[in-house]
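Listed here are the chains, written in short residue letters.
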Amino acid sequence: MMTVHEVSKLAGVSIRTLQYYDQIGLLHPTGYTDAGYRLYDDTELERLQHILLFRELEFPLKDIKKIINSPDFDRSKALEQQIELLKLKKEHIENLMNFALGIKMLGVKHMDFKAFDRSKLDEYSRQAKELYGNTPEYEQMQEKQKNRTEDDEKILADRFMLLFKEAGEIKDKDSASPEAQNLVKRIQEYITENFYNCNNKILSGLGKMYSGGGDFTRNIDECGGEGTAVFVDNAIQIYCENNSED
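Enquirer: Break down the nonpolar core for me, with residues and values.
Expert: Counting residues in each nonpolar core, the largest one holds 29 residues, and the members touching the most others are F160, F164, I187, Y210 and V232. Breaking this core down by element, the ones donating at least two residues are α8 (150–169), α9 (178–194), α10 (200–210) and α12 (228–242). Take this core: its biggest share by element is seven residues, from α12. Look past the residues within four positions of I187 in its chain and what remains in contact with it is F160, L163, F164, Y210 and V232. Membership of the second largest hydrophobic core comes to 22 residues, among which are L27, I64, A78 and L88.

In structure tokens:
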């Protein structure tokens, strides 16, 4: 048995979060100490692992509760499915980043859109629907892309890269300046509007890729001038810190 403090430290979640999970019926403690502290056994720790994996997949807590409390819930099978979904999501996000960053761009006409292979996105959606039902996020991605032509995608790429050109024009300013923060907001909104729900977690990851070197950094710096990628990353991290999401 582990105390709530030990579980908090082990899982990297706050005590307040564990208390909240108890309150909403998502994760109850196995028992209590004489002093009234929550105790958790291996069964509940395994349940917590599934909860955290679903959270990484951005499932709402109410949906996680419904899934885990289902009489048909198979923990072993769920873990295998979660691993597969995480792999698919990783690939999906990398595809988005490749597009957003203009990777291997030699000019818009030469932009490679193979990363947006419909079969992979359809498979990701099918997996999600089969296991957990459709969600607005998956529907959004499919809906936005289903009627686009290759020319449409190229136009979107060109317009997106114009944002980095703007970044280059203000890269000598403070990354926390209103101009820089407004630009980050526009980048996030552009991705969300045209491709995928770009929450702050994804946005932060994109920023790190922007300044991570290689084609990512080179394409952005070619568009906005040397140092643009690092400037945008710094501005993104500040934006995400100042606009935290639950």
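Enquirer: Before we move on, could you go through helix α2 (residues 15–23) and cite the residues and values that matter?
Expert: Where α2 is concerned, the buried positions are L18, Y21 and D22. The buried side chains of α2 occupy one side of the element, clustering within an arc of 100 degrees when seen end-on. Turned more than 90 degrees from where α2 packs its buried face, R16 and Q23 sit exposed. Those residues of α2 hidden inside the fold are in contact with α1 (4–11), β2 (31–32), β3 (38–40), α3 (42–56) and α4 (61–68). G25 sits one or two positions beyond α2 and adopts a positive phi of about 80 degrees.

Enquirer: Give a description of α9 that names residues and reports values.
Expert: The terminal C-alpha atoms of α9, which comprises 17 residues, lie 24 Å apart, in line with the 24 Å expected from a rise of 1.5 Å per residue. All of the buried residues along α9 are A180, Q181, L183, V184, I187, Q188, Y190, I191 and N194.

Enquirer: Give a detailed account of the packing of α9 against α10, specifying residues and quantitative values.
Expert: Each pair of packed helices gets described by two things: the angle between the helix axes and the distance between those axes. The N-to-C vectors of α9 and α10 enclose an angle of 110 degrees; their axes lie 11 Å apart at closest approach. Looking at the two axes, α9 sits roughly perpendicular to α10. Crossing handedness for the pair α9 and α10: right-handed. On α10, the residues touching V184, I187, Q188 and I191 of α9 are N200, L203, L206 and Y210.

Enquirer: Explain the state of the cysteines to me, using residue names and the numbers behind them.
Expert: Applying the stated rule across the entire model yields zero disulfides. Unpaired in terms of disulfides, C240 finds its nearest cysteine sulfur in C198, a separation of 8.0 Å.

Enquirer: Before we move on, can you summarise the environment of Y190 with the specific residues and values?
Expert: Secondary-structure assignment places Y190 in helix α9. Exposure remark for Y190: the relative accessible area of 14% places this residue in the buried category. Once the C-alpha coordinates of Y190 and R159 are considered, the two residues, 31 residues apart in sequence, prove to be 9.4 Å apart. Excluding its chain neighbours within four sequence positions, the residues that come into contact with Y190 are L156, R159, F160, L163 and F195.

Rules and cut-offs
- Residues numbered from 1 in each chain as written.
- Predicted model: local features only at pLDDT ≥ 70, side-chain atom pairs only at ≥ 80, totals over all residues.
- Heavy atoms only, no water.
- Core = buried A, V, L, I, M, F, W, Y, C linked by side-chain atoms within 4.5 Å.
- Buried < 20%, exposed > 50% of the residue type's maximum accessible area, 1.4 Å probe, protein only.
- Helix = DSSP H or I, 4+ residues; strand = E, 2+ residues; numbered from the N terminus.
- Contact = heavy atoms within 4.5 Å.
- Arc of directions from axis to C-beta.
- Expected span 1.5 Å × (residues − 1).
- Axes fitted to C-alpha atoms, helices over the stretch in contact; angles between N-to-C directions.
- Parallel < 35°, antiparallel > 145°, perpendicular 65-115°, else oblique.
- Left-handed = near helix turned anticlockwise from the far one by under 90°.
- Disulfide = S-S within 2.5 Å.

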